[in-house]
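Examination of the molecular architecture
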Amino acid sequence: MTELADAHDEELVHVSDTHRLYRLTPWLVRALVPARRVGSYLLYSPAAPPYVGRSDVCLRRRLLRHAYSRRAEFFSFNTHWSQVHAYTMECAVFHALRPQLSNLIHPDAPDHLKIHCPFCRDQWALPRLSRPLGHPIERFVPNPRSNP
Ligand SMILES: [Zn+2]
C-alpha cells in the first residue's frame, strides 16, 4: 500500500508542475504543492513587482511562510528533481524578468554545489574564450580579441 501511495505521490509531482497563477493561501499551497520537494516559484501582487524564489529543501514550507506573511496575492511554482535544476530555473526567470522583479540581488547558488548561473554574461565568456578561434559560435558572438 505504501508503494502505491508513493507512486501516486510521484504522479502528483508531475501534475503539479504548472505556470498557472493560484491565490497564495495556506490551504491552496497545501493542496497543490507536494511536501519535501525542491522547487522554484513566482509571487505576484497587482500592486507590486513579482518576486522569484526557490526552496532547496521544501517548496511547500517556503510558500506557506509567504502565505502566512501575506507577501503576495498569487503564486506559480515548479517542482524540480534537483537543486541544480531549481537554481537554473530561478536564474532563468531572474534574468528574463529582471527589470520588473522586486528581487534586487542575483539568486545565490546552494552552498554545497559549485555551480554558476548559466545566464550571466561573464559565464558566457568563459567557454567562448577557451575555444579556438573560428569555432561556429564566433559567427554569432563577436570576439573581443579580433578587434584591433
Ligand atoms: Zn545570472
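Because the structure is a prediction, the values reported are computed rather than measured.

So, on to helix H3 (residues 59–68). The set of residues buried in H3 consists of Leu 59, Leu 63, Leu 64, His 66 and Ala 67. Across the axial projection of H3, the buried residues extend over an arc of 160 degrees, all falling on one side. Pointing more than 90 degrees away from the buried face of H3 are the exposed residues Arg 65 and Tyr 68. Elements in contact with the buried residues of H3: helix H2 (26–32), strand E2 (38–45), strand E3 (48–55) and strand E4 (74–80). Two residues or fewer after H3 comes Arg 70, characterised by a positive phi angle close to 55 degrees.

So, about the coordination of the zinc ion. Taken together, the protein donors to the zinc ion comprise His 95 (NE2), His 106 (NE2), Cys 117 (SG) and Cys 120 (SG), at separations of 2.0 to 2.2 Å. Classification of the site at the zinc ion as tetrahedral follows from its 4 donor atoms and the range of 105 to 118 degrees in their angles at the metal. Summarised as a motif, the one-chain spacing of the donors to the zinc ion is H-x10-H-x10-C-x2-C. On the criterion of sequence distance, the pair formed by His 95 in helix H4 (residues 83–97) and Cys 117 in the loop between H4 and helix H5 (121–130) is long-range, its members being 22 residues apart. Residue His 95 is classed as partly exposed on the basis of its relative accessible area, which comes to 25%.

For E4, a buried count of 6 out of 7 residues is recorded, marking the element as mostly surrounded by other parts of the structure. Relative to E4, E2 runs antiparallel, the two being bridged by 7 bridges. In the sheet register, Tyr 44 faces E4, and the bridge partner there is Phe 74.

A few words on the confidence of the model for the chain. Parts of the prediction with low pLDDT should not have their coordinates interpreted in detail. Averaged over every residue, the pLDDT of the chain is 80; residues scoring 70 or more account for 70%. Counting interchain partners and residues more than four positions distant, the pLDDT-below-50 stretch residues 1–16 has 12 contacts.

This paragraph deals with the environment of Phe 94. As for its placement among the helices and strands, Phe 94 is situated in helix H4. Among all residues touching Phe 94, those that are not within four sequence positions of it are Val 52, Leu 101, Asn 103, Ile 105, His 106 and Pro 107.

The final tally for this structure, using the stated rule, is 3 salt bridges. The residue Glu 73 makes a salt bridge to Arg 23 at a minimum N-O spacing of 3.8 Å. Residue Glu 73 is located in the loop between H3 and E4, and its partner Arg 23 is located in strand E1 (residues 18–23); the two are separated by 50 residues in the primary sequence. Judged by relative accessible area, which is 37%, Glu 73 ranks as partly exposed.

Calculation notes
- Every chain is numbered independently, its residues counted from 1 as its sequence is written.
- Totals for whole chains, interfaces and linings use every residue, but because this is a predicted model, local features are given only for residues with pLDDT of at least 70 and side-chain atom pairs only at 80 or more, for both listing and counting.
- Each side-chain value is worked out from all heavy atoms of the structure, with water and hydrogens disregarded.
- When a residue's accessible area, from a 1.4 Å probe over protein chains only, is under 20% of the maximum for its type it is buried; when over 50% it is exposed; and in between it is partly exposed.
- Runs of H or I in DSSP of at least four residues are treated as helices and runs of E of at least two as strands, each being numbered from the N terminus.
- Think of the arc as the fan of directions from the helix axis to the C-beta atoms.
- Contacts are assigned to residue pairs that have any heavy atoms within 4.5 Å of one another.
- Note that water is not among the atoms used; donors are N, O and S atoms within 2.8 Å of the metal (3.2 Å for Na, K and Ca), so sites may look incomplete.
- Here the metal geometry follows the donor angles, with tetrahedral for four donors whose angles all fall between 85 and 135 degrees, square planar for four and octahedral for six when opposite donors are more than 155 degrees apart and every other angle is between 65 and 115, and irregular for all the rest.
- Strands are labelled as partners when DSSP assigns at least two bridges between them.
- A score from 0 to 100, pLDDT tells how confident the predictor is in each residue.
- Basic side-chain nitrogens of Lys or Arg form a salt bridge, by our definition, when they fall within 4 Å of a carboxyl oxygen of Asp or Glu.

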